[in-house]
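Remarks on the overall topology
What follows is the residue order along each chain.
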Amino acid sequence: TMYHGLGTLELNLRAQGYNKPMLVSHNSGGMAQLNSTDALQTVHSGPVSGVAASEHLAMQAELGNVVATDMGGTSFDIGIVDQGGVKHYDFNPVIDRWLVSIPMVHLVTLGAGGGSIAHFERLFNSIEIGPQSAGSDPGPACYDRGGLKPTVTDADLVLGYLDPKNYANGRIPLNPKRAKQAIEDNLCDDLDMSVVEVARLIKRNVDANMANGISTELRTRGYEPKDFTILAYGGNGPLHACGIANALGISKILAPPYSSTFSACGAGNVNQMHIHEMSTWTVLFNAAAKAFFTDYESFNKSVEELERRGREDLLRQGMSADQIKYRLELDMRYGDQRVQTAVITAQNRLKAQKDVLALMDQFHKSYGARFGEGSQSPEAGVRINTIRVCAYVEQPKVQFAKLKLNGKSRPAPAPLGRRDCHFVGYDKALDTPVYGEDALVEGTQIDGPAIVTARATTYLVEPGWSYHAAAQGGVWFIKK
């Protein structure tokens, strides 16, 4: 069904004079022509494209370690971008209820988007957010399209963060009365709280849920959250970024250029690529025998076979052999440890013992950087579990500016108006200035609380944070 639909689209493009190949985003972090794509490769390819854009932005803007967070209407997606180039994959991801054998960029998805429904959980006498979602039809109650359940967007409207007349650049008028009614009818009696108190509780819980998801994802992989910059994108990312960082203890957030369409930017910014991999039991150092790996020929043949398969994929799509590049990734571990560490190596072949020692040394340093120096266990042995070859052809990319703060600042423009906004940790409403898109001019600095309303998203600067406009429409949030 998907092939028929996209094939028809490709024919229509041809009929309109578009003569370039139509490329389809893959959940491996690359893209390919339709004749080399199956439906499984497209599942979650949108959020994966956001991770690819995050990686490219982090490299060009020199951001270091980044945790990519995409908050849209139905979900909150988390990806990790390591400045050392470590790739994180799921090798047998579960799609729906099926275990499938495709390499897919690792993502964690939480039911915490703008349309996620808040409901009373009697067991804990509290509010739970999601995973049920109002979706786009009927959408949140405030959309006035028949939705009756309270959502995160309804809470944001009640708290004063959203402009009812200027939401989605004015294309979706919001009805505050519907939002209040949905919260009151479904939650206030059970919790014995006012509408504003419940809305504040929804905001606190959804931010805490997302912060917990990020913390769990980073720490289980040996990372410390404070060493990362949050990259907040998606339609709701800049609206909840400060609340998430408060709960997480992170002091630096970047809302990237094109934040509401950042994943789409990434989809057009990746290489034509195919990944082929194989499981292996390659013991580089046998602790029991005190012996190093010597069967270089079998290892090299495995790599050559994976390169051949990737090369044939790309040649079939009209690429020339001299355009094709290869990246060798090895999943390595100490002994029978459960934890694997992906090592990207420039050594595509093993020729002597010094190559084996260099590979082990690279793994040793990577493991120590993630889990702490001294945690390495070479005495347990070192082995390779997976050999993976990415065959790719470089594509033209969006060039991101240097987004680091340069110390230059310009005064904030005059606010367009003011609103009473309610924030977590504050019993009373705070008088909050509201700015327009002129606040996105590079160098603009605003102390919170403040709201910046742009055409595609809303930037919420919570108390205790400052707003710094960077190049290309990027925005930094810095904890004061």
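Now for a quick tour of the structure. (Residues numbered from 1 in each chain as written. Predicted model: local features only at pLDDT ≥ 70, side-chain atom pairs only at ≥ 80, totals over all residues. Heavy atoms only, no water.)

1. Details of the packing of helix 4 (residues 176-191) against helix 5 (residues 195-219)
Interaxial distance between helix 4 and helix 5 falls to 9 Å at its minimum, and their mutual angle equals 90°. Taken together, the axis directions place helix 4 and helix 5 in an arrangement best described as roughly perpendicular. From helix 4, Lys180, Ile183, Glu184, Leu187, Cys188 and Leu191 reach across to helix 5, where they touch Val195, Val198, Ala199, Leu201 and Ile202. Counted by class, the contact of helix 4 with helix 5 contains nine nonpolar, no polar and two charged residues. (Axes fitted to C-alpha atoms, helices over the stretch in contact; angles between N-to-C directions. Helix = DSSP H or I, 4+ residues; strand = E, 2+ residues; numbered from the N terminus. Parallel < 35°, antiparallel > 145°, perpendicular 65-115°, else oblique. Contact = heavy atoms within 4.5 Å. Nonpolar A, V, L, I, M, F, W, Y, C, P; charged D, E, K, R; others polar.)

2. Some points on the sheet that holds strand 20 (residues 430-435)
Strand order across the open sheet formed by four strands is 19-20-22-23, with mixed pairing between neighbours. Looking at which strands have only one partner, the edges of the open sheet turn out to be strand 19 (417-421) and strand 23 (458-461). Neighbour to neighbour, the strand axes of the sheet diverge by 25° on average, direction disregarded. Of the pairings in the sheet, the one linking strand 22 (residues 450-453) to strand 23 comprises four bridges and is antiparallel in character. Within strand 23, the position partnered with alanine 450 by the bridge is valine 461. (Pairing = 2+ DSSP bridges.)

3. With respect to the sheet that holds strand 25 (residues 475-479)
Each strand in a sheet pairs with its neighbour through backbone hydrogen bonds, running either in the same direction (parallel) or in the opposite one (antiparallel). Strand order in the open sheet made by the eight strands is 9-4-3-12-13-25-24-21, with mixed pairing throughout. Both outer strands of the open sheet, strand 9 (108-110) and strand 21 (445-447), are each paired with one neighbouring strand and no more. Sheet twist, expressed as the average angle between the axes of neighbouring strands with direction ignored, equals 20°. The sheet contact formed by strand 13 (residues 252-255) and strand 25 spans four bridges and is antiparallel. Paired with isoleucine 253 across the two strands is phenylalanine 477, which belongs to strand 25.

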